[in-house]
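Close look at the chain arrangement
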Amino acid sequence: MVSANPPVIEVKDLKKHFPVKKGLLRRTVGQVYAVDGVTFTVRAGETLGLVGESGCGKTTAGRAAMRLVEPTSGSIKVEGKEIMGLSKAELRPYRREMQIIFQDPFSSLNPRMTAGDIVGEPLLVHGVANAKERQEQVSALFARVGLRPAQMKNYPHQFSGGQRQRIGIARALALGPKLIVGDEPVSALDVSIQAQVINLLMELQAERRLSYLFISHNLAVVEHISHQIAVMYLGRIVEYADTRSIFTNAQHPYTEALLAAVPVPDPAIKRKKIVLQGDVPSPVKPPSGCHFHTRCPYAVDRCKVESPPLREIAPGHHVSCHLR
Ligand code: SF4
């Protein structure tokens, strides 16, 4: 199913390669192909789940899309405007539109600042409110994310993990962004707290027509919140479709393997059991042809030499595999 909502961010053929340097002279001896030609769109009021094992490049892809790390090449359009090539000053208005929530609420908050100052800092930096307005806005944000405004004067260590992530969400909301990138935003939390934080994010999305790029290593976590899911393997997207198609009609062997690890609530539903051997290969020297051929149970000779393009096999359902 293809959504009719307008795109908030359109990323095309995004690449981020990091040089590998060695020796006294720090000569470049290779490249880490962290993100190697990734294309996706996040639409207004919708969530794209970006999923893959650790080391697949999903975090770098999220940060490069926001230009928090400088992409090597590609195109990034925010509400139709190209932001690649913009200077820091030109990028400033777009920074307000795109905010990030980090994985670890224990290290992403400055321990020397009060929670109120942390949430109000973006308003201060962008000069959008005087002290009194800031206080009022921060108080309202605290209430909205389920914290007591009286807790504004507390320090991060005085909050639980779930409460700290609520502070991170309030901070991300402060400037009224259109897009929030969540980089494993619930991975460090207990399962019961994960559900509360995901429900809060979904409520905020419905209220404010927010768009999320939700990055996770766990398909089960993104299922509930995502409208679409992109599965990444070694710097590339291997399958990209609406959430229902991914869960009921996955076409890529890697997606099948990730799904095999997701518990099924109905025992009558049988999933293919694919257990992946080994770790993700190094992005410094990715396997030739299809990057997945070293772990794929269906690999044929062609897979070792020819890289499969990401093809649309049904409306809105894209797969990168020679056998599909
Ligand atoms: Fe497996 Fe070949 Fe398909 Fe790659 S192209 S996923 S190796 S069958």
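Structure: above.
Our subject in this report is the structure included herewith. (Residues numbered from 1 in each chain as written. Predicted model: local features only at pLDDT ≥ 70, side-chain atom pairs only at ≥ 80, totals over all residues. Heavy atoms only, no water.)

Some remarks on the overall build of the chain
Counted only if it meets this: Helix numbers and strand numbers start at the N terminus; a helix is a DSSP run of H or I with at least 4 residues, a strand a run of E with at least 2. We take the radius of gyration over the C-alpha atoms and set the globule estimate at 2.2 Å times the residue count to the 0.38 power. Residue burial is assigned from relative accessible area. The probe radius is 1.4 Å, only protein chains are included, and a residue is buried under 20% of its type maximum, exposed over 50%, and partly exposed in between. The contact criterion used is simple: two residues touch if any of their non-hydrogen atoms lie within 4.5 Å. Here the accessible surface of atoms and residues is derived via Shrake-Rupley with a 1.4 Å probe, and residues count as covered only by protein chains that are part of the display.
For the chain, the count of helices and strands is 10 helices and 12 strands. In terms of overall dimensions, the chain is globule-like: its C-alpha atoms have a radius of gyration of 21 Å, near the 20 Å expected for 324 residues. The principal-axis extent of the C-alpha atoms belonging to the chain is close to 65 × 60 × 40 Å. A buried classification covers 48% of the 324 residues belonging to the chain. Once local pairs closer than 6 in sequence are excluded, the contacts in the chain between residues at least 24 apart make up 64%. Per element, the accessible surface of the chain, about 15,700 Å² overall, is 53% carbon and sulfur.

Focus on the site of the ligand
Here is the rule we go by: For this description, a residue counts as near a given molecule or strand if any of its non-hydrogen atoms is within 4 Å of it. Method remark: on a 1 Å grid restricted to protein atoms, a set of points is classed as a cavity if a 1.4 Å probe fits but cannot get out and as a pocket if it is open with protein on both sides within 12 Å along at least five of seven lines; lining residues have an atom within 4 Å of a point. Think of it this way: if more than half of a molecule's atoms are within 2 Å of a pocket's grid points, that molecule is in the pocket or cavity. In the scheme used here, Gly and all other residues not listed as nonpolar or charged are polar, with Ala, Val, Leu, Ile, Met, Phe, Trp, Tyr, Cys and Pro taken as nonpolar and Asp, Glu, Lys and Arg as charged.
If you check the shell around the ligand, you find 13 residues, and the closest are Cys290, Cys296, Cys303, Cys321 and His322. Among the cavities detected, the one that contains the ligand is the largest cavity. In terms of residue class, the shell around the ligand is built from 10 nonpolar, 3 polar and no charged.

With respect to the nonpolar core
Note the threshold: Throughout this description, the term nonpolar core refers to a set of buried Ala, Val, Leu, Ile, Met, Phe, Trp, Tyr and Cys residues connected via side-chain atoms within 4.5 Å.
By size, the foremost hydrophobic cluster in this structure holds 55 residues, and its most contacted members are Ile167, Ile169, Leu173, Leu201, Phe214, Leu219 and Ile229. Core analysis: the next-biggest nonpolar cluster, separate from the first, contains 33 residues, Ala64, Leu86, Met98 and Leu213 among them.

Overview of the pattern of salt bridges
Put simply, the rule reads: Whenever Lys or Arg places a side-chain nitrogen within 4 Å of a carboxyl oxygen from Asp or Glu, that contact is recorded as a salt bridge.
Summed over the entire model, instances satisfying the criterion amount to 14 salt bridges. Here Glu70 makes a salt bridge to Arg67, at a shortest N to O gap of 3.0 Å. With relative accessibility at 40%, the residue Glu70 sits in the partly exposed group. In this structure Arg67 comes out as buried when scored by relative accessible area, which is 9%.

So, the sheet that holds strand β11 (residues 311-314)
Note the cut-off: Note on pairing: DSSP must find at least two bridges between two strands before they are called paired. Note on method: axes are straight lines fitted to C-alpha atoms, helices fitted across the in-contact stretch only, with angles between N-to-C directions ranging 0 to 180 degrees.
Pairing in this open sheet of 8 strands is mixed, and the strands run β6-β7-β8-β3-β9-β10-β12-β11 from one edge to the other. Two strands in the sheet have a free side with no partner beyond their single neighbour: β6 (98-101) and β11. Taken pair by pair, the neighbouring strands of this sheet meet at an average axis angle of 20°, ignoring direction. Along the sheet face, helix α2 (residues 88-97) touches β6 and β7 (179-183) and points at about 55° away from the line of β6. Contacting β3 (47-51), β6 and β8 (211-216), helix α6 (residues 191-208) crosses the sheet at an angle of about 160° to β8.

Concerning α6
The test is simple: By definition here, a helix of n residues has an expected span of 1.5 Å times n minus one.
When the terminal C-alpha atoms of α6 are compared, their 26 Å separation across 18 residues agrees well with the 26 Å that a helix rising 1.5 Å per residue should span. Taken together, the buried residues of α6 touch β3, β6, α4 (131-144), α5 (161-173), β8 and α7 (219-223).

Describing the pairing of β6
In the case of a regular strand, side chains alternate between the two sheet surfaces. Of the two faces of β6, the one carrying Met98 and Ile100 and the one carrying Gln99 and Ile101 are both buried. As paired elements, β6 and β7 share 4 bridges and run parallel to each other. Bridge pairing in β7 links Gln99 to Ile180.

Notes on the side chain of Ser75
Rule in force here: Counted as a polar contact is a pair of N or O atoms within 3.5 Å, where, for protein atoms, one must be capable of donating a hydrogen and the other of accepting one, and residues adjacent in sequence contribute only when both atoms are in side chains.
Mapped onto the fold, Ser75 is located in strand β4 (residues 73-78). A polar contact of 2.7 Å, which involves the side chain of Ser75, links it to the side chain of Glu82. Ignoring any residue separated from it by four or fewer positions in sequence, one finds Ser75 in contact with Glu10, Val11, Lys12, Glu82 and Met84.

Remarks on the packing of aromatic side chains
Here a ring pair, both rings aromatic, is described through the centre-centre distance and the interplanar angle of the planes. This is how it is decided: Centres within 6.5 Å are what make two rings of Phe, Tyr or Trp a pair, Trp counting through its six-membered ring; a difference in plane orientation under 30 degrees is then read as stacked, over 60 as edge-to-face, and the rest as tilted.
According to the stated counting rule, one finds 3 aromatic pairs in the structure shown. Taking 4.9 Å as the distance between ring centres and 80° as the angle between the ring planes, the aromatic pair formed by Tyr233 and Phe292 counts as edge-to-face. Of this pair, Tyr233 sits in strand β9 (residues 228-233) while Phe292 sits in the loop between α9 (253-260) and α10 (301-305), and the two are 59 residues apart along the sequence. Joined through ring pairs, the aromatic side chains of Tyr233, Tyr254 and Phe292 make up one cluster.

Some thoughts on the pairing of strand β2 (residues 27-43)
The pairing of strand β1 (residues 7-22) with β2 spans 13 bridges and is antiparallel. Across the sheet, the residue bridging to His17 is Tyr33, located in β2. Taking the residues between adjacent antiparallel strands as the criterion, β1 and β2 are bridged by 4 residues, where Gly23 takes a positive phi near 80°.

Topic: the layout of surface pockets
Rule in force here: Grid points are joined across faces, edges and corners, and a volume is the space filled by probe spheres set on the points.
Its boundaries defined by the atoms lining it, the largest pocket holds a volume of some 600 Å³. Around the largest pocket, the lining comprises 23 residues; the ones closest to its centre are Leu68, Gln99, Ile100, Pro122 and Arg171. Counting only elements with at least two residues in the lining of the largest pocket, the list comes to α2, β6, α3 (115-125) and α5. Per-class residue counts for the lining of the largest pocket are 13 nonpolar, 5 polar and 5 charged.

Details of the side chain of Lys58
Tracing the backbone shows Lys58 in helix α1 (residues 58-65). Overall, the relative accessible area of 4% leaves Lys58 in the buried class. When near neighbours in sequence (up to four residues on either side) are disregarded, Lys58 contacts Leu50, Val51, Gly52, Glu53, Glu184, Ile215, Ser216, His217 and Met232.

From the geometry alone we can't say anything about function, so treat these as descriptive.
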